[in-house]
Amino acid sequence: QVQLVESGGGSVEAGGSLRLSCVKSRTIPEFYSMSWYRQTPGKQRDVIATILSNGTITYEDSVKGRFTISRVNHNMINLQMNSLKPEDTAVYYCHLNVQGTVYWGQGTQVTVSS
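Bear in mind the structure is a predicted one, so any value in this text is a computation, not a measurement.

Undergrad: How would you sum up the sheet that holds strand S1 (residues 4–7)? Please name residues and give values.
TA: Two orientations exist for strands paired in a sheet by backbone hydrogen bonds: parallel and antiparallel. Strand order in this open sheet of four strands is S1-S3-S8-S7, and the pairing throughout is antiparallel. Pairing within the sheet leaves two strands with one partner each, and these edge strands are S1 and strand S7 (67–73). When strand polarity is set aside, the average angle formed by the axes of neighbouring strands in this sheet is 20°.

Encoded structure:
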């Protein structure tokens, strides 16, 4: 089984930056996608950024130009978050899809104060 561990969450003031990391427990097959999701109380967990094994990257509109997803190596992805806003406050989850098999991290809290 693949395990995902997120790190890098914390509290910052509006306009600040954080970098989240997601580490996989082991190398996975060649074809996969990895994403960052976020969720606030009473709202659905939404995907905000995805990177495919072929390098294709997509972003949700609200984070375009501010967040950057990147592949560090075969076992780690990062989410660089700049110009943070209070509405970015949420629990952020790492997500892995390997040909339909889905894995989730436990989440890391990001809090942005005004």
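Undergrad: How would you explain unusual backbone geometry if you had to name every residue and give the values?
TA: Despite not being glycine, Ser83 shows a phi value in the positive range, around 50°. Among the secondary structure elements, Ser83 is positioned in the loop between strand S8 (76–81) and strand S9 (90–98). Under the relative-accessibility criterion, Ser83 is labelled partly exposed at 41%. Its identity is not glycine, yet Gln99 carries a phi of approximately 50°, on the positive side. Tracing the chain through its elements places Gln99 in the loop between S9 and strand S10 (101–104).

Rules used in this analysis
Residues numbered from 1 in each chain as written. Predicted model: local features only at pLDDT ≥ 70, side-chain atom pairs only at ≥ 80, totals over all residues. Heavy atoms only, no water. Pairing = 2+ DSSP bridges. Helix = DSSP H or I, 4+ residues; strand = E, 2+ residues; numbered from the N terminus. Axes fitted to C-alpha atoms, helices over the stretch in contact; angles between N-to-C directions. Buried < 20%, exposed > 50% of the residue type's maximum accessible area, 1.4 Å probe, protein only.

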